[in-house]
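Understanding the architecture of this molecule
Listed below are the residues making up each chain.
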Amino acid sequence: MVEELKKLDFKIMGVITKNYVVPNYEGVALDSIISYKIEDTKKITLLDINDTNNLSTKNNSKLQLANTINDKLIKLYDFSKGLNIKEINYFKLLFNKMTTKYDKRIILFSRDINFLAPICDTFVIYDKKIVHKTNSIFDDKLYSYVDMPNIVKFIKLANKKGAELTETTDINELIKDIYRRLHAGKADA
């Protein structure tokens with residue numbers, strides 16, 4: 001599966017599939033998981049553990065990143081599990097920096113489209129082969145395979161009613177756009 005996906009042009013790809021297994025690092029020595037500067041890697045990945053006994057899903061997700069942080073192609077499975085909004089926002093910025101500054105490519109395997117939507121530049125539906133590929137979270141065909149994120153649903157509905165909102169996955173940008181549209185007519189009067 002990964003060999004087929006690697007051929008595509010992307011920086012951060014969201015792969016929606018049922019065909020993956022989340023790595024489990026329970027009971028594995030940290031120095032065999034993290035091969036490069038353990039303390040620096042722990043800091044970058046927000047990992048605050050000294051051993052892998054009784055791992056939470058959050059720390060297991062962070063260990064996936066710590067394990068592959070030096071790879072050119074980083075593969076993460078169900079990465080958002082257990083992470084809070086602040087951590088997800090941090091990793092969004094980190095992934096963006098990793099792809100632009102360090103020329104890395106990231107594949108996020110997940111069914112959580114709300115997590116993938118603001119992070120990924122490419123979306124793939126995979127079931128034994130690539131079923132559908134798109135670069136737009138607003139691609140209607142994508143939603144014949146997965147539920148539509150709330151922000152996309154809202155923008156599509158508002159635009160059907162004539163709102164002419166900009167397609168975005170950033171809630172702050174959406175709020176600014178709504179505010180601009182509401183007050184655009186008042187400035188002319």
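So, a few notes on the structure that sits alongside this text. (Residues numbered from 1 in each chain as written. Predicted model: local features only at pLDDT ≥ 70, side-chain atom pairs only at ≥ 80, totals over all residues. Heavy atoms only, no water.)

1. Examining the packing of helix α4 (residues 57-68) against helix α5 (residues 85-101)
Put simply, the rule is: To define axes, lines are fitted to C-alpha atoms, for helices over the stretch in contact only, and angles between the resulting N-to-C directions are given on a 0 to 180 degree scale. Helix and strand assignments come from DSSP, with helices taken as H or I runs of at least 4 residues and strands as E runs of at least 2, each series counted from the N terminus. For this classification, under 35 degrees means roughly parallel, over 145 means roughly antiparallel, 65 to 115 means roughly perpendicular, and everything else is oblique. Residue contacts are counted whenever heavy atoms from the two residues lie within 4.5 Å of one another. The classification used treats Ala, Val, Leu, Ile, Met, Phe, Trp, Tyr, Cys and Pro as nonpolar, Asp, Glu, Lys and Arg as charged, and all other residues, Gly among them, as polar.
Between α4 and α5, whose axes approach to 14 Å, the crossing angle comes to 5 degrees. By the angle class used here, α4 and α5 are roughly parallel. Note on element contacts: α5 touches α4 through E87, F91, L94, F95 and M98, opposite K58, K62 and L65. Split into classes, the residues belonging to the contact of α4 with α5 amount to five nonpolar, no polar and three charged.

2. Here we look at the sheet that holds strand β1 (residues 12-16)
Operational definition: Two strands form a pair only when DSSP identifies at least two bridges running between them.
Ordered by their spatial adjacency, five strands build an open sheet running β2-β3-β1-β4-β5, and the pairing between neighbours is mixed. Two strands close off the open sheet at either side, each with one partner strand: β2 (73-77) and β5 (130-134). Neighbour-to-neighbour, the strand axes of the sheet open up by a mean angle of 20 degrees, direction not taken into account. Pairing geometry for β1 and strand β3 (residues 105-109), over four bridges, is parallel. Each residue of the ladder has a partner; that of I12, found in β3, is I106.

3. Some points on the pairing of β2
Spelled out, the test is: Remark: exposure states derive from per-residue accessible area (1.4 Å probe, protein chains only) relative to the maximum for the residue type, with buried under 20%, exposed over 50%, and partly exposed in between. Handedness of a crossover is defined as follows: orient the strands so they point away from the viewer, and if the path from the first strand over the helix to the second runs clockwise, the crossover is right-handed.
Burial within β2 is extensive, with four of its five residues counted as buried. Pairing analysis gives five bridges linking β2 to β3, with the strands arranged parallel. The residue bridging I74 from the neighbouring strand is I106, located in β3. Crossover connection from β2 via α5 to parallel β3: handedness right-handed.

4. Considering the pattern of salt bridges
Short version of the rule: What counts as a salt bridge is simple: a side-chain nitrogen of Lys or Arg found within 4 Å of a carboxyl oxygen of Asp or Glu.
Tallying each qualifying case throughout the model produces nine salt bridges. Linking E87 and K58 is a salt bridge whose minimum nitrogen-to-oxygen distance equals 3.5 Å. Of this pair, E87 sits in helix α5 while K58 sits in helix α4; the two residues are 29 residues apart in sequence, bridging distant segments of the chain. In this structure, R181 engages D177 in a salt bridge whose closest nitrogen and oxygen atoms are separated by 3.3 Å. With R181 and D177 both in helix α8 (residues 171-188), this residue pair falls four residues apart, about one helical turn. Each of the salt bridges in this network shares a partner with another, and the network as a whole consists of K58, K62 and E87.

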